[in-house]
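Examination of the molecular architecture
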Amino acid sequence: VCFIPGGLDCSISFVSHVLGKVCIHGRQKEILGVLVPRLTDLTKSDCIWQRICWRLVECVPDRWMEAVVLGFVQRAPGADVLSRLLGNLVVKNKKAQFVVTQKMLLLQYGHTTAVLQNLLGYLSLDGLRRTLLLRVLQELLETWSSSSAVKHSPAEQQLYISKAILICLSHLKEPEIESCRQELLMSMMEGMKCHLDSSLPQLQRLGMVVAESISLKINTEGPVLKFEYEEDDETRELKSLLVQTPSFFVVPSLPDHDRSEKAGAAVPLVPESNEKSHTAAPVVPDEESDAELDSDDDLIPYDTSEDKELKTKAPVYIRDCIAVLTGSRSEDVDKWEATVKALESLVRKNPAATREVNVELAKILLHLEEKTCIEGFVELRQRAQVAVLTTDPIPVAKYLTSQFYSLNYSLRQRMDILDVLVLAAQELSCPKFHGNTKHSGAQKPCMQLPLGSDSSKDWRRIVDERIKNKTRRFNMGQSRVELASHPNKFSSVAGYFFFPLIQHFDRPLTTFDLLGEDHLVLGRLVHTLAILMYLAVNTVAVTAMGKALLEFVWALRFHTDSYVRQGLLSCISSLLLSVPKEQILEDMTEELLEAQSWLGDVMEKDPDGDCRRLALQNLLLMENLKKKLEAVHS
């Protein structure tokens, strides 16, 4: 930066053109890395340099304005510095206003939280710019509360918009909140519904956090919204954005003698508080002390260290368990708890007795509700259901799959059915699965589905493991010990698990519509079918299952929910890995060629990053399959 001697007038439009040209050609970091710190120092206390800086950016041509404004926003150390450097540029220049209020907030989502705080803090620091801040908040809330935007935009963009909304809310003053209270309430209700309807836990959590924050702002005195969710680093960061922190709060340094005086003046504070605390201690009158002597506090308690808790004995017969679980007497609560805890082991020890009442017991467990606050009740019930299903797979699988599409079941019960089917299929395909848990980690390809977890994550682990197993590696290392082989009990019953689930997905019921609002259950169903397809490798029915699954995927390939699309792509992976390549070539060539074109579109255009990754993985599997077939025929 040069100085003009003699007070002469000058034009800096040439410098503005040079600045814009350099920034648009990719040298933004180099020039602004030097220019912004220098201008920051010069504009601290000199209003003339502030006007020069404003003129510098105002004279940049519109075709280069975006690169210059973006560079200043990214490199300014705070919103107050950015306000000094840019002035009211966004009010005077339409191009700069579009970049700041539209492009950087609604069309892009790769900027950091610090850039967002700079940008929105800049809009809040001047009366003329605050109208733009309110308009930006309104447009952000419209996007956040749009069901179409929630479905078709990636989760990263949803997080970016949520951060921008919370930063805007932190800058609002009470009169501004009062003027737009009704609009905030309507946007909160619509956006909360859209996010809670999503199948992705991250989007659900975003909706809860933003709704809580809006409620806190518009209901300063009354009750506010409060959701139950597990806090993580992301939610803690979002909540911290609602509280403004000073940009530059520098404690002035004190001279040595002043510092010692301040320290000396501060010393008596501690003894003073101690004095007050000592004098505040109440003095007990004589009557009260006599009353304390007459109390029961001086009685010697009994020694209960060697006492043993009386445990209720659990039933030893399956039919006795049924009687306890279906009973309604309140005095049998302890026995009910003991029965729930012992039922799984009792079923596995008495398979013959279980087969006599298998469907009845499966029905009881499906409808069983928690009577007492028993630890791990959901897991205990699920393990008992899996034990019943693996003991007698065909009749119990028929019952559970028929109930999945029946009336008068909650969504939670339908998802419980899917979880039980997956875990039982896994156990049947790996017979030693329910044995010693210490060695369960050595067993592959057994997969565990934790309660409430996203099954797509487990599915990715399975596919990666399967691809790794099919990759040939040549080394001279120590040979691995082969694991003991066991018969695959799932091979003879795979059809009873799979085909009833895939038959009636397009038939809506009065209380259940998979293709409508119950897309969360549809996503779980799709992932379940993918896992069952994978576990059916080397079975007789695997080809028929693959053809049916491919038709199912083709019917739903354009579904709007990203969780469902992830499951569909997982189905393609399971089909390519499980069906023999000769059968694929003979029975599914045309369908897979069409699927290949669809996968290419997903890889290029799908807004969800996981969907794009799974589509690429499927294309690589297809290419690998094609090379193997060419090698066989050659």
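Each remark here, short or long, concerns the structure printed above.
Being a predicted model, the structure only gives us computed values, none of them experimental.

With respect to the helices and strands, the residue Ser124 is situated in helix H7 (residues 113-124). Assessed through its relative accessible area of 10%, Ser124 is described here as buried. Side-chain polar atoms of Ser124 contact the backbone oxygen of Gly121, separated by 2.8 Å. When near neighbours in sequence (up to four residues on either side) are disregarded, Ser124 contacts Arg130, Leu133 and His171.

Now for helix H28 (residues 542-556). For H28, spanning 15 residues, the distance from its first C-alpha to its last is 21 Å, which sits close to the expected 21 Å at 1.5 Å a residue. Elements in contact with the buried residues of H28: helix H26 (494-503), helix H27 (519-535), helix H29 (562-578), helix H30 (581-587) and helix H31 (589-605).

Another aspect to go through is a nonpolar patch on the surface. Taken together, Phe14, Val15 and Val18 make up a surface patch of nonpolar side chains, about 290 Å² in accessible area. The class for Phe14 is exposed, based on a relative accessible area of 62%.

Another aspect to go through is the environment of Leu140. Within the element layout of this structure, Leu140 appears in helix H8 (residues 127-144). When the C-alpha positions of Leu140 and Ile165 are compared, they lie 6.5 Å apart, and in sequence the two are 25 residues distant. Look past the residues within four positions of Leu140 in its chain and what remains in contact with it is Leu105, Leu106, Ile161, Ala164, Ile165 and Cys168.

Let us now look at the side chain of Asn118. Within the element layout of this structure, Asn118 appears in helix H7. Given the relative accessible area of 8%, Asn118 is considered buried. Setting aside chain neighbours within four positions, we find Asn118 in contact with Val73, Ala76, Pro77, Gly78, Ala79 and Leu82.

How two helices sit against one another is set out by the angle between their axes and by the gap between those axes. Following both chains from N to C, one finds helix H18 (residues 318-326) and helix H21 (residues 358-367) inclined at 30°, their axes separated by 11 Å at the closest point. By the angle class used here, H18 and H21 are roughly parallel. Where H18 crosses over H21, the handedness of that crossing is left-handed. Listed contacts from H21 to Ile318, Ile322, Leu325 and Thr326 of H18 are Glu360, Leu361 and Ile364.

Right, let's get into the environment of Trp598. In this fold, Trp598 is placed in helix H31. The class for Trp598 is buried, based on a relative accessible area of 7%. What Trp598 contacts, discounting residues up to four positions off in sequence, is Val553, Trp554, Arg557, Phe558, Leu569 and Ile572.

Together, Glu551, Glu590, Glu591 and Glu594 give the surface a local cluster of negative charge. If you tally residues by element for the negative patch, the top one is H31, at three residues. Considering the arrangement of structural elements, one finds Glu591 in helix H31.

Let's shift gears to H26. The complete set of buried residues in H26 reads Ala494, Phe497, Phe498, Leu501 and Ile502. On an axial view of H26, the arc spanned by its buried residues comes to 95°, and they lie on one face. The inward-facing, buried residues of H26 abut helix H22 (377-391), helix H23 (393-404), helix H24 (411-429), H27 and H28.

What follows concerns unusual backbone geometry. For Asn408, which is not a glycine, the phi torsion comes out positive at approximately 65°. Topologically, Asn408 is positioned in the loop between H23 and H24. Asn408 sits in the exposed class, given a relative accessible area of 71%. Its identity as a non-glycine residue notwithstanding, Asn538 has a phi of 65°, on the positive side. Position of Asn538 relative to the elements: it lies in the loop between H27 and H28.

Another aspect to go through is the packing of aromatic side chains. According to the stated counting rule, one finds six aromatic pairs in the structure shown. Ring centres of Phe404 and Tyr405 lie 4.9 Å apart, and the angle between their planes is 85°; this geometry places the pair in the edge-to-face category. Exposure class is identical for Phe404 and Tyr405. Each is buried. Among the aromatic side chains, those forming a connected cluster through ring pairs are Phe404, Tyr405 and Phe512. Above the plane of the ring of Trp64 lies Arg63, whose end atom (NZ or CZ) is 4.4 Å from the centre.

In this structure the tally under the stated criterion is 22 salt bridges. Connected through shared salt-bridge partners, Glu344, Arg348, Glu379, Arg383 and Glu427 make up one network.

Conventions and cut-offs
Counting from 1, residues in each chain are numbered in the order their sequence is written. At least 70 in pLDDT is required for a residue's local features to be given in this predicted model, at least 80 for side-chain atom pairs to be given and counted, and no such filter applies to totals for whole chains, interfaces and linings, which use all residues. In computing side-chain properties, one takes all heavy atoms of the structure into account and sets aside hydrogens as well as water. Going along the chain from the N terminus, every DSSP run of H or I of four or more residues is numbered as a helix, and every run of E of two or more is numbered as a strand. Three exposure classes are used, based on accessible area relative to the maximum for each residue type with a 1.4 Å probe and protein chains only: buried under 20%, partly exposed in between, and exposed over 50%. We call two N or O atoms a polar contact when they sit within 3.5 Å, provided that within protein one can donate a hydrogen and the other can accept it, with sequence-adjacent residues counted only if both atoms are side-chain atoms. In what follows, residue pairs with any heavy atoms lying within 4.5 Å of each other are defined as contacts. Expected helix span is computed as 1.5 Å times (number of residues minus one). Patches here are clusters of residues that have more than 30% relative accessible area and form no salt bridge, with a 9 Å joining cutoff for like charges and a 5 Å cutoff for nonpolar side chains (Val, Leu, Ile, Met, Phe, Trp, Tyr). Every accessible area reported is derived by Shrake-Rupley at a probe size of 1.4 Å, with residue values counting cover from the shown protein chains alone. Whenever Lys or Arg places a side-chain nitrogen within 4 Å of a carboxyl oxygen from Asp or Glu, that contact is recorded as a salt bridge. Orientation is described by lines fitted to C-alpha atoms, with helices fitted over the stretch in contact, and by angles between N-to-C directions that extend from 0 to 180 degrees. Any angle that falls under 35 degrees is termed roughly parallel, while one over 145 is termed roughly antiparallel, one within 65 to 115 roughly perpendicular, and all others oblique. Helix crossings fall into two classes, left-handed where the near helix is turned counterclockwise from the far one by less than a right angle and right-handed where it is turned clockwise. Here the positive residues are Lys and Arg and the negative ones are Asp and Glu; neither His nor the chain ends is included. The atoms used to mark charge sites are NZ of Lys, CZ of Arg, CG of Asp and CD of Glu. The arc refers to the directions leading from the helix axis to the C-beta atoms. We call Phe, Tyr and Trp rings a pair once their centres come within 6.5 Å, taking the six-membered ring for Trp, and we label the pair stacked below 30 degrees between planes, edge-to-face above 60, and tilted otherwise. Placement of a charge over a ring requires the Lys NZ or Arg CZ to be within 6 Å of the ring centre, with the centre-to-atom vector within 35 degrees of the ring normal.

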